[in-house]
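Chains, contacts and geometry: an overview
Each chain is listed here by its residues.
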Amino acid sequence: MNKISILLSLFLLPLLASSAQKQVYIVHFGEGGGGGGGGEKELHEIEDTHHSYLQSVKENEEEARASLVYSYKHSINGFSAVLTPDQASKLSELEEVASVYRSEPGKYSVHTTRSWQFVGLEGATHKKNMSGGGGVGGGDDDDILLKASYGKDVIVGVLDSGVWPESKSFSDEGMGPVPKSWKGICQTGVDDYNGFHCNKKIIGARYYLKGFEQYYGHLNVSEDCPSPRDLDGHGSHTASTVAGRRVPEASALGGFARGTASGGAPLARLAIYKACWALPNVTKAEGNTCFEADMLAAIDDAIADGVHVMSISIGSTKPIPFTQDGIAIGALNAVKNNVVVACSAGNSGPTPGTLSNTAPWILTVSASSVDRAFFGPLLLGNGQEFLGQTVTPYKLEKMHPLVYAEDVVVPGVAKNVSSQCLPGSLSPEKVKGKIVMCMRGLGMRVEKGQEVKRAGGVGFVLGNSPANGNELACDAHLLPATAVSYNDAVKILKYINSTKNPMAFIKQARTTLHYQPAPFMAAFTSRGPNVLDPNILKPDITAPGLNILAAWSAASSPSKLSEDKRSVNYNIDSGTSMACPHVAAAAALLKAIHPNWSSAAIRSALMTTAWTENNKGLPISEANGDLGTPFTYGSGHFRPVKAMDPGLIYDASYNDYLLYLCSNGLNDTNLRFKCPKVIPSAANLNYPSLAIPNLNGTVIVKRTVTNVGSSSKSVYFFTAKPPLGVSVKATPSLLSFNRVGEKKSFTITVTARSGKHQKNEYGFGWYTWTDGHYYVRSPMTVSLA
């Protein structure tokens, strides 16, 4: 290197380092602080205030204005801006600033026909027109859909990857005028090759790119488009699950799951907020990324636009403290405006303590199965047959040699991943013309099939790992394929090793209804305990999330692999992302029936009427056959019909949540709210469940219920099944109500009984208030110190 080059590099290095250090930060003023948020000021006035703060750490006014990404008015009192760590640190030292934290890349990512019949929502009125039965809905002759007018005029905001507006699920045929309460807009975007449009179904749409482009640079329009249009499929899937219109004869590729597709609230209005974008330079199957600055802006607009429910199938891969969790902060202000916020629990199971979206003002949803299976039988050369599952519309015409991936890899593949068919791992010389059995683990399921096809295989068998158990997530693979349980995979491998010429045949797959047992918990669903605050039991509830059919983007293939050129209108997908909009839809129906109920009241109604039995009358199990617990299903499987009339509710206000934050040492969330000198335990938040960690002796917890039953005069009795090693009693144990709307408080005394339970392990139970007609049930978790 010559002297000039050396000098030039020495000059440029500090500039490059300074540029590299700049990142998007969220600056959060506590409510009532110096940010100027709220309804009093216009947005341009708030922006001027934020510019003045930025000017205090920037070189000049021009740089300050250029660094502002978003000014927030409703989701939080604050702004996002491009800052260096030093500038962020200086702002955090200001007295009126509650917190300053980086909007980290990769922090958040995106985490249906038969399901509504299975939960009993399409029973009484529609059973003449739809195949039903065998569900766990617990419905009666009253039809929640009729009482809720199918969700008419309830507005559901969906934060996701956008929507495909041309889908029949989003038709506005026969729908009335847009509700007068709606204040939003329809952004058509740019470079949208079809021209995005709204109608009386999709009444509003926006997109948010600033956070994404600050990190990745200008959006590559070959990967995504700067408009509310969904080029991925995930956003269309979740939006149609919550509020899609009835579409007869809908099915996935190959005719799987054929039936009438419908959202839970088919006449509810949709407001689309696209805050998730395709990751650059990778296949769509790798997933989307959702930047915190963009999501806060979306929540900000959704509150101002007038949505009643938010469905957010987005979360982190690990728990995030409330002060650094944009979804939690935004949701708290949404709840202040009486918006119900439903979020997915995450897909990091079966590892314990992996839940995201654990804030008690969020309705946190885990994923379970429905009573539908897609059997793709695998026949072995010795006559054994295994009922694998698949939604791959291809079959083999004859027997083919069967090999185990570990035996047909190229040299140099690590032993611990040699069975997993990772890209480039299989030898074409050893695979050509054969069926390959691959194991789950690292890598995506659809990519394993793609690798078998690349190497010349004619079919593949996907074997579960022990952690996956009997959970068979179905995919539209690129070649004949079927997925089998771990136990079946072991038996198939034993056959391969027992003969010189193992053979197999994958039969044509078929859809089967009334499968038992259902529901069972998906192995992938994230689970408790709640590591951020073990005093709050999470998740709250479970809903269908395994192999759900719903609308899809015509710009995306069913596998989302770049090599897959197939196109579908409806697709089967799995995840807590699919479970969340089920519960959001139920919340929308309850909002239509009980427009004055708070977000907490709606959550309470859904939780206390949930059920913990499957369609065989046995307790809900895990995918591996173990007994399920409240750490996986919360209160249980949701039952929208029962939630319509819960009897009693556990209500909570915005101030109750601020008091709860005081108990967690978070005093700066709202500077207008002063924490009391004696702060109650977090366990005293009026929650419809009970969690007590490290019990040593006796704990007394207070709760309050409100009578919302059909009778003004009623008497409720307390019953409980406490966890092992614990005694539980209520004082009083009898509650008499004389009018609807009357509130009654009680205490629950929980006492450890020595020698009856293993220390540091959780036990599970429940308590119920019943008048003989209503059963208001709450789950309970206790660990002994």
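Conventions we followed
- Residues numbered from 1 in each chain as written.
- Predicted model: local features only at pLDDT ≥ 70, side-chain atom pairs only at ≥ 80, totals over all residues.
- Heavy atoms only, no water.
- 1 Å grid on protein atoms, 1.4 Å probe; cavity = no way out; pocket = protein on both sides within 12 Å on 5 of 7 lines; lining within 4 Å.
- Points joined across faces, edges and corners; volume = space filled by probe spheres on them.
- Nonpolar A, V, L, I, M, F, W, Y, C, P; charged D, E, K, R; others polar.
- Buried < 20%, exposed > 50% of the residue type's maximum accessible area, 1.4 Å probe, protein only.
- Helix = DSSP H or I, 4+ residues; strand = E, 2+ residues; numbered from the N terminus.
- Contact = heavy atoms within 4.5 Å.
- Axes fitted to C-alpha atoms, helices over the stretch in contact; angles between N-to-C directions.
- Disulfide = S-S within 2.5 Å.
- Pairing = 2+ DSSP bridges.
- Core = buried A, V, L, I, M, F, W, Y, C linked by side-chain atoms within 4.5 Å.
- UniProt positions renumbered as here; feature names shortened; annotations may be inferred.
- Parallel < 35°, antiparallel > 145°, perpendicular 65-115°, else oblique.

Examining empty space enclosed by the protein
Approximately 100 Å³ is the volume found for the largest cavity. What lines the largest cavity is Ser369, Val370, Arg372, Ala373, Gln389, Asn470, Glu471, Leu472, Tyr515, Phe520, Leu546 and Asn547. Counted by class, the lining of the largest cavity contains six nonpolar, four polar and two charged residues. Computed from the structure, the second largest cavity encloses a volume of approximately 60 Å³. What lines the second largest cavity is a set of 15 residues, among which Ile320, Asp325, Ser356, Asn357 and Thr358 lie closest to the centre. The class makeup of the residues in the lining of the second largest cavity is eight nonpolar, five polar and two charged.

Comments concerning helix H12 (residues 445-454)
Taken across its ten residues, H12 has seven buried, putting it largely inside the fold. In this structure, the buried residues of H12 make contact with helix H11 (428-431), strand E21 (435-439) and strand E22 (459-463). In the segment just after H12, Gly456 is the residue with positive phi, at about 95°.

Quick word on the packing of helix H10 (residues 326-336) against helix H18 (residues 654-663)
Packing of H10 against H18 brings their axes to within 9 Å, and their N-to-C directions diverge by 145°. Where H10 approaches H18, its residues Leu332, Asn333, Val335 and Lys336 are matched on the opposing element by Tyr654, Tyr657, Leu658 and Leu661. Looking at the contact of H10 with H18, its residues break down into six nonpolar, one polar and one charged.

Concerning the state of the cysteines
Enumeration over the complete set of coordinates arrives at four disulfides. Disulfide partner of Cys186: Cys198, at an S-S distance of 2.0 Å. Handedness of the Cys186-Cys198 disulfide follows from its S-S torsion of about 90°: it is right-handed. Note that Cys186 is positioned in the loop between strand E6 (155-160) and strand E7 (202-207) and Cys198 in the loop between E6 and E7, a separation of twelve residues in sequence. Judged by relative accessible area, Cys186 falls into the partly exposed class, the value being 31%. What makes Cys198 partly exposed here is its relative accessible area of 21%.

Concerning the environment of Val335
Looking at where Val335 falls in the secondary structure, it is placed in helix H10. Classification of Val335 by relative accessible area gives buried; the value is 10%. Counting along the chain gives 54 residues from Val335 to Asn281, while the straight-line C-alpha distance between them is 38 Å. For Val335, the residues in contact, after removing those within four places along its chain, are Trp361, Ser599 and Tyr657.

Here's the deal with unusual backbone geometry
Between Gly528 and the following residue, Pro529, the backbone shows a cis peptide bond with an omega angle of 5°. Structurally, Pro529 is set in the loop between strand E25 (510-513) and strand E26 (541-544). A cis amide bond links Lys538 with the next residue in sequence, Pro539, at an omega value of 0°. Tracing the backbone shows Pro539 in the loop between E25 and E26. For His514, which is not a glycine, the phi torsion comes out positive at approximately 60°. Residue position: His514 is located in the loop between E25 and E26. For Asn694, which is not glycine, the phi torsion reads 55° and is therefore positive. With respect to the element layout, Asn694 can be found in strand E30 (residues 690-695).

Here we look at the sheet that holds strand E24 (residues 503-506)
With respect to topology, seven strands assemble into an open sheet ordered E19-E18-E24-E20-E21-E22-E23, the strand pairing being mixed. In this open sheet, the two edge strands, each paired with only one partner strand, are strand E19 (385-386) and strand E23 (481-484). The sheet contact formed by strand E18 (residues 378-380) and E24 spans three bridges and is antiparallel. Across the sheet, the residue bridging to Leu378 is Ile506, located in E24. Together, E21 and E22 form the strand contacts of H12, whose direction differs from that of E22 by roughly 145°. Strands in contact with helix H13 (residues 486-498) are E18, E19, strand E20 (400-404), E21, E22, E23 and E24; relative to E20, the strand with the most contacts, it is inclined by about 110°.

Here we look at the nonpolar core
Of all hydrophobic cores here, the largest spans 71 residues; its most connected members are Val156, Val242, Leu270, Ile272, Ile572, Val583 and Leu606. Sorting elements by how many residues they give to this core places helix H14 (residues 576-593) first, with ten residues. Residues contacting Ile272, with those up to four places away along its chain left out, are Val158, Gly162, Val163, Ile202, Gly204, Ala205, Arg206, Pro228 and Ala239. Core analysis: the next-biggest nonpolar cluster, separate from the first, contains 61 residues, Val82, Val307, Phe322 and Ala600 among them.

A closer look at the UniProt feature "domain: PA" (unreviewed entry) in the protein
Cross-referencing UniProt, the feature "domain: PA" (unreviewed entry) maps to residues 417-491 in the present numbering. Secondary structure within residues 417-491 divides into 27% helix and 19% strand; the distance between the first and last C-alpha atoms comes to 20 Å.

Notes on the packing of helix H9 (residues 292-305) against H10
Their axes nearest at 9 Å, the elements H9 and H10 cross at an angle of 10°. Classed by the angle they form, the pair H9 and H10 counts as roughly parallel. Only Gly326, Ile327, Gly330, Asn333 and Ala334 of H10 make contact with H9, whose side of the interface consists of Glu292, Met295, Leu296, Ile299 and Ile303. Partitioning the contact of H9 with H10 into residue classes produces six nonpolar, three polar and one charged.

Description of the pairing of strand E33 (residues 726-731)
Only one face of E33 is buried, namely the one carrying Val726, Val728 and Ala730, since none of Ser727, Lys729 and Thr731 on the opposite face is buried. The pairing of E33 with strand E35 (residues 743-752) spans six bridges and is antiparallel. Bridged to Lys729 within E35 is Thr749.

Looking at the environment of His308
With respect to the helices, strands and loops of the structure, His308 is situated in the loop between H9 and strand E13 (309-312). Measuring from C-alpha to C-alpha, the distance between His308 and Asn530 comes to 27 Å, with 222 residues separating the pair along the chain. With residues up to four places along the chain from it excluded, the contact list for His308 reads Asp153, Val154, Ile155, Ser181, Asn338, Val339, Val340 and Lys591.

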